[in-house]
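For reference, the chains in residue letters:
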Amino acid sequence: MVAAASETWEDHVRRTFRAMVTARTLESKLASLYKAGKIVGGVYIGPGQEAVSASLGSCLTWDHDVFAALIRDQGGRTAFGEPMLDATRSYLGSARGPSRGRDGNIHRGHPCEGLPAMISHLGAMVSVVAGMLFARRLQGRLDGVVGAASIGDGATSTGAFHEGMNLAAVENLPMVVLLSNNQFAYSTPTERQFACASLVDKAIGYGVTGHEVDGTDLLASLEVVSKAVKSAREGQGPQLVVANLLRLSGHGEHDDAFYVPEELRKSALGRDCLEVAEQQLLAGSYITEAELIQWKEEAAEEVQAAVATAQQEPGPDPYEEDWKVYASPDLNPED
Amino acid sequence: MGEVTYIDAIREAQHDLLAKDERVFIYGQDVGAFGGAFKATHGLHELFPNRVVDAPISEDAMIGLAVGAAIEGMRPIVEMQFADFSSVGFNQIVNQAGTHFYRTGVPAPITVRLPSGGTPGSGPFHSQMMESIYAYYPGLVIVTPATVADAYSMLLDAVALDDPVLYCEHKFLYRWLKADDLEQQGEHLPIGRARIVRPGKHATVVTYSAMVHEALRASDALAEEGWEIEVVDLRSVKPLDTDTVIASVARTGRLLAVGEAFPWGGVTAEVVSRVTSDGFHLLDAPPQRLNSRDTPVPYHPNLWQSHRPTLESISAAIRDLLRL
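In this convention, every chain numbers its residues from 1, walking through the sequence in written order. Whichever chain is written first becomes A and whichever ligand is written first becomes 1, with later ones labelled in order. A pLDDT threshold of at least 70 governs which residues receive local features in this predicted model, and a stricter bar of 80 or more applies before side-chain atom pairs are shown or counted, although totals over entire chains, interfaces and linings include all residues.

Caption draft 1: Fine view of the overall build of chain B. Each helix and strand counted, chain B has eleven helices and 14 strands in total. With the radius of gyration taken over C-alpha atoms, the globule rule is written as 2.2 Å times the number of residues to the power 0.38. Expected size for 324 residues packed as a compact globule is a radius of gyration near 20 Å; at 19 Å, chain B falls within 12% of this value. Overall, the C-alpha framework of chain B stretches about 60 × 40 × 40 Å when taken along its three principal axes. Counting other C-beta atoms within 10 Å of a residue's own tells you its class, since 20 or more makes it buried, 12 or fewer makes it exposed, and anything in between is partly exposed; those C-beta atoms are placed from the backbone. Each of the 324 residues in chain B was classed as buried or not, and the buried ones make up 59%. Two residues form a contact once the distance between their C-beta atoms, set from the backbone, is within 7 Å. Counting only contacts in chain B whose residues sit at least 6 apart along the sequence, the fraction spanning at least 24 positions is 79%. Helix and strand assignments come from DSSP, with helices taken as H or I runs of at least 4 residues and strands as E runs of at least 2, each series counted from the N terminus.

Caption draft 2: Broad picture of the interface of chain A and chain B. Across the boundary between the two partners, chain A contributes 34 residues, which contact 35 residues of chain B. Counting only elements with at least two residues in the side of chain A that touches chain B, the list comes to α5 (124-139) and α6 (159-170) of chain A. Gly is placed with the polar residues, together with every amino acid not listed as nonpolar (Ala, Val, Leu, Ile, Met, Phe, Trp, Tyr, Cys and Pro) or charged (Asp, Glu, Lys and Arg). Here the side of chain A that touches chain B is composed, by residue class, of 20 nonpolar, ten polar and four charged.

Caption draft 3: Summary view of the packing of helix α4 (residues 84-92) of chain A against helix α11 (residues 289-312) of chain A. All names here are of chain A. To obtain an axis, a line is fitted to C-alpha atoms, over the contacting stretch when the element is a helix, and the angle between two such axes runs from 0 to 180 degrees between their N-to-C directions. Packing of α4 against α11 leaves a shortest axis separation of 9 Å and a crossing angle of 45 degrees. With respect to α11, the axis of α4 lies oblique. In the packing of α4 onto α11, the handedness of the crossing is right-handed. Contacts between α4 and α11 involve M84, L85, T88, R89 and L92 from the first element and E302, A306, V307, T309, A310 and Q311 from the second. Here the contact of α4 with α11 is built from residues that sort into six nonpolar, three polar and two charged. Small angles under 35 degrees read as roughly parallel and large ones over 145 as roughly antiparallel, with 65 to 115 read as roughly perpendicular and the rest as oblique. By definition, turning the near helix anticlockwise from the far helix through less than a right angle yields a left-handed crossing, and turning it clockwise yields a right-handed one.

Caption draft 4: Focus on helix α2 (residues 50-58) of chain A. In terms of residue burial, α2 of chain A counts as a mostly covered element, since nine of its nine residues are buried. Taken together, the buried positions of α2 of chain A are occupied by E50, A51, V52, S53, A54, S55, L56, G57 and S58 of chain A.

Caption draft 5: Broad picture of the sheet that holds strand β4 (residues 75-79) of chain B. Residue and element names in this part refer to chain B. In this scheme, strands are said to pair when DSSP sees at least two bridges between them. An order of β3-β2-β4-β5-β7-β6-β12 is seen for the seven strands of this open sheet, with the pairing classed as mixed. What marks the edges here is a single partner per strand, and that holds for β3 (52-54) and β12 (236-238). Neighbouring strand axes in the sheet, compared pairwise and without regard to direction, differ in orientation by 20 degrees on average. In this structure, strand β2 (residues 24-28) lies alongside β3, joined through three bridges in parallel fashion.

Caption draft 6: Representation of the pairing of β4 of chain B within the structure. Residues and elements named next belong to chain B. Counting buried positions along β4 gives five out of five residues, so the element sits mostly inside the fold. By the alternation rule, side chains of β4 split into R75, I77 and E79 and P76 and V78, which are all buried. The pairing of β2 with β4 spans five bridges and is classified as parallel. Note on β4: the bridge partner recorded for F25 is P76.

What follows is the structure in structure tokens.
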């Protein structure tokens, strides 16, 4: 979404919060559709991560910046400006989705508008974002641009994350890596994932600036993410933002997350960032009760319309599919 | 034989690409001021300082960077210091680059140079042939130039393609193989077309990369015994020019597929499979394969010479085929 240069802090907060509301409403619907057997494949949602994800998305501009959203970034995707139909068409198997049924759920993207389409291999998108920025530097188009990659605690164990972070630092690219430390990689807790005291300390090793924030707190998240994005945009090199929070869902909707301890759910990390944000914004007079109700209603209407549209559309037809794997027409085998 | 080597051709192609096309850049370990481990980028950093860039030892991230840059309209060339090390970048090659166009409709035109194959004393981790492993994956183009002219023109063609290309250059040919100039003799063949490098009528040897030269030497030896062996240089192993191969087998009735890669599956198995399926009626004898041994590539030249196909083993395989 294009942020006006004159946008006030209050308006930025409101815009970010509204993306959270929309994302939660959409993902709740997708989860219901999954349970009703209406989804093609799995559903992967990001409740509990909307505050920090939407904060990142709302600091970036569609078709100007780069945002490699990952599995739990509906908040960020919405805030960045991804059309909602991309989500419903992908999940419901419409042939009109961004990958025309060739790939699904969270693997959708608009690479030419700055939203690369993630592969499942964690950490792999960090270097892709670096490459998009590297290209723009060569093309003289890097001024004022930021590239962001979203990852979780599990991805920090991969070689791809390490290589990508190090390369981004060596190339001194205007990157923000948002590390949502949501305590679990599928079922694996953080103590089986890393042994450092805090993930933000990894920034020291890479020679990048580290930031740490309570990811359940929208105002804190937006402040820290805005600062990191601003630093990157101003040429201060890669920024690593660690947001501590708890994944408030299973890995996917097939997973009931029985392994998440009750005391963790009840801890400060387990707060629902959307509820926290509602209280914050009402208490701080960023929004009114009436606006909150209205935004929720409008989100529900938008979701309903996007689902209905996608449900009416046909799935891909294997007889119409061209099965072309090469962009060069001459290389594709003739049928 | 002239003085232009196979590595000269690669260097010249990269020079010409950089000079003519601002979208082209080279990213790889030691490719900058040092000029590359094999000097394939010698002097290019001085001419194009921003576009011939040293990379950290991060094969995964190097390919990821190239894909990202390609999305943004660039034409990156990634130099793997040795083809063997591309295994570290395997995920980005097959899952990121190979799937990108199919999944998103946005091309990912990267060229990955793979210094491939054995040389004396190189051992298990500096000698591998990776073309078969990449050819398995959809969306990738795999080229294996065997001549100085092809080394030049196929690199230009690879970078011009809108698809990810693995350019498998053979290290054994780097300085040994020479030509008068970079000009192609005869017709310019696009990627995906094989070339009959020696016509014959008694048997067809289908091969690629450095083994083309071993096969030609074997054919010379067989000629002294009165046999006319047709040698087909595949040039690109994916797409594979089945038509040219089958047309050759139609003339000769006998097939030997030779490759330097490990024997399990791979390019030679694919050639035999296609000929058997589509041209079984053309065969006068069971089609044969000759590959390296199914062990890591050994270090000592005595063992290495016995590990890969050579003039002697190819000649013996042809003689066996002619007796079948």
